[in-house]
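The chain contents come next:
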Amino acid sequence: MNTTRYDGSSEGWRRIDGQSGAAARYLEMMNEVLAAQKRQTMDLLNLGPGMSAIEIGCGLGLDAEALAARVGPTGRVVGIDASQDLIAEATRRTTPLGLPLSFQVEDAQALSFADNSFDGARVDRVLQHLPDPAKAVREMARVVRPGGRLAVLEPDWPTVAIGGVDIDVTRAVVRYKSDVTLAHGAIGREVRRLLVEAGCTDVFVEQGSLTFGSFAVAERVLSLRRSLDGAREKGWITPVQADRWWSDLDRLDRDGKFFSGMSGVLGAGTVR
Ligand SMILES: C[S@@+](CC[C@H](N)C(=O)[O-])C[C@H]1O[C@@H](n2cnc3c(N)ncnc32)[C@H](O)[C@@H]1O
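Residue positions within a chain follow its written sequence, with the count starting from 1. Under the rules for a predicted model, residues below a pLDDT of 70 receive no local features and side-chain atom pairs below 80 are neither given nor counted, while totals for whole chains, interfaces and linings still include all residues. The basis for the side-chain values is all heavy atoms of the structure; hydrogens and waters are excluded.

Asks: I keep staring at the nonpolar core and nothing clicks. Help me out?
Replies: Note on soluble globular proteins: their nonpolar side chains tend to be buried together. Core analysis: the largest hydrophobic core is formed by 39 residues, its most contacted members being W13, L222, L224, W245 and L249. Strands here are runs of E lasting at least two residues and helices are runs of H or I lasting at least four, both read from the DSSP assignment and numbered beginning at the N terminus. Ranked by the residues each element gives to this core, the list is headed by helix 2 (residues 21-33), at 7 residues. If we skip the residues at most four places from it in the chain, W245 touches I162, V165, D166, V169, T170, V173, L224 and L228. Counting 30 residues, the second-largest nonpolar core is a separate cluster that includes F113, V152, A198 and C200. Each nonpolar core is a collection of buried residues, namely Ala, Val, Leu, Ile, Met, Phe, Trp, Tyr and Cys, held together in the definition by side-chain atoms within 4.5 Å. Burial classification: accessible surface area is computed with a 1.4 Å probe over protein chains only, and a residue below 20% of its type maximum counts as buried, one above 50% as exposed, and the rest as partly exposed. For this analysis, residues touch if any pair of their heavy atoms sits within 4.5 Å.

Following this line, the structure appears as structure tokens:
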């Protein structure tokens, strides 16, 4: 796998094939950052031995692998993703494990599976990138049997907070990230509506937060430099403001005063 050009944007994910190495490392890092939230959404699927599930936009297949452990050898898990590279990597990585797990290239908005094919469906940080996230959630509800469960974990980018720096520059940076680089940066706050509109009952949603312990981690998760440059290119902030904001973050970090965090939303519902 090539290692260049991963930028975290929705457009970037669409052209990830042939250059997915850096994206793969990002997914591995986020798998650790979001370990607790991922476990919670998996719990909400109520899966047990012998059951079946589909992981939508599975990336490297790390979550699909965890679901396979929950359904056991008599169960079935399918991971789908639009990226041929990531599906190939997920297959290569998990085939030796002998789990009841398979991967295939699919568009989350138009699944090839028949109605009622699974007991559960899970999606994690994918809806934010799709042209039509509501269609993807409807597809999840279609392929899950009545009484089965959907689980969703999505970020809410306008909630990004950064302390100790010019708040107007932060607003411009966050606006660029949420509105320019992502198809639906504020998808987290739509999770409940999407589950209800897809026909789910017993809908549960919870907003949770992440705190980034250092400038380096925040930069890795938030792509601050790219959004700062983007906001400057848009003319929302001046070059002087941009340079000062960046050096202020550096100084805050060196002095042990760096703070950044953001919210995401996890949700689940029962298919009617
Ligand atoms: C931020 S990554 C999350 C990956 C994985 N869910 C995880 O938690 O590690 C977004 C994923 O969505 C996939 N994706 C983007 N558009 C898609 C589409 N239309 N259908 C299916 N997957 C898509 C990307 O290839 C990428 O693997």
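Asks: Can you help me understand empty space enclosed by the protein in this one?
Replies: Leftover empty space is mapped by rolling, across the atoms, a probe with the size of a water molecule. Cavity and pocket criteria rest on a 1 Å grid covering protein atoms alone: a 1.4 Å probe that fits but cannot get out defines a cavity, protein on both sides within 12 Å along at least 5 of 7 lines defines an open pocket, and an atom within 4 Å of a point defines a lining residue. Grid points are joined across faces, edges and corners, and a volume is the space filled by probe spheres set on the points. Applying the stated criterion across every chain, the model contains 1 cavity of 30 Å³ or more. Roughly 40 Å³ of volume is contained in the largest cavity. As for the largest cavity, its lining consists of V160, V173, V174, K177, L222, L224 and S227. When contributions to the lining of the largest cavity are tallied by element, the ones reaching two or more residues are helix 7 (167-181) and helix 10 (224-233). Looking at the lining of the largest cavity element by element, the count peaks at 3 residues for helix 7. Residues belonging to the lining of the largest cavity are distributed by class as follows: 5 nonpolar, 1 polar and 1 charged. Three classes are used, and their members are as follows: Ala, Val, Leu, Ile, Met, Phe, Trp, Tyr, Cys and Pro are nonpolar, Asp, Glu, Lys and Arg are charged, and the others, Gly among them, are polar.

Asks: Quick question: what am I supposed to make of the side chain of R149 here?
Replies: Checked against the element boundaries, R149 lands in strand 5 (residues 144-162). For the purpose of charge, His is not counted, nor are the chain termini; Lys and Arg are scored as positive and Asp and Glu as negative. When a carboxyl oxygen of Asp or Glu lies within 4 Å of a side-chain nitrogen of Lys or Arg, that pair is called a salt bridge. D202 provides the closest opposite charge to the buried, salt-bridge-free R149, at an N-O distance of 5.1 Å. Polar contacts here mean pairs of N or O atoms no more than 3.5 Å apart (in protein, one a potential hydrogen donor and the other a potential acceptor; neighbouring residues in sequence count only if both atoms are side-chain atoms). Side-chain polar atoms of R149 contact the backbone oxygen of L44, separated by 2.9 Å. A polar side-chain atom of R149 sits 2.9 Å from a polar atom in the side chain of T270. For R149, the residues in contact, after removing those within four places along its chain, are L44, L45, N46, D119, G120, A121, V144, D202, A268, G269 and T270.

Asks: Quick question: what am I supposed to make of unusual backbone geometry here?
Replies: Most peptide bonds are trans, and most residues other than glycine sit at a negative phi. In this structure, R125 takes a positive phi of about 60° despite not being glycine. With respect to the secondary-structure elements, R125 resides in the loop between strand 4 (118-124) and helix 6 (133-143). Owing to a relative accessible area of 15%, R125 belongs among the buried residues under this scheme. Its identity is not glycine, yet D202 carries a phi of approximately 50°, on the positive side. Here D202 lies in strand 6 (residues 200-212).

Asks: Could you clarify how one ought to interpret the site of the ligand in this entry?
Replies: Nearness is defined per residue: one heavy atom within 4 Å of the molecule or strand is enough. Close contacts around the ligand come from 20 residues, with K38, G57, D81, D124 and R125 the closest. Side-chain polar atom of K38 to an oxygen atom of the ligand: 2.9 Å apart, as the coordinates give it. Take D107: an N or O atom from its side chain is 3.0 Å from a nitrogen atom of the ligand. The accessible surface values rely on the Shrake-Rupley method and a 1.4 Å probe; as for residues, cover is taken only from the protein chains in view. Notes on the ligand: free accessible area 600 Å², of which the protein chains cover 95%. Residue composition of the shell around the ligand, grouped by class: 8 nonpolar, 5 polar and 7 charged.

Just geometry here; none of it tells us what the structure is for.
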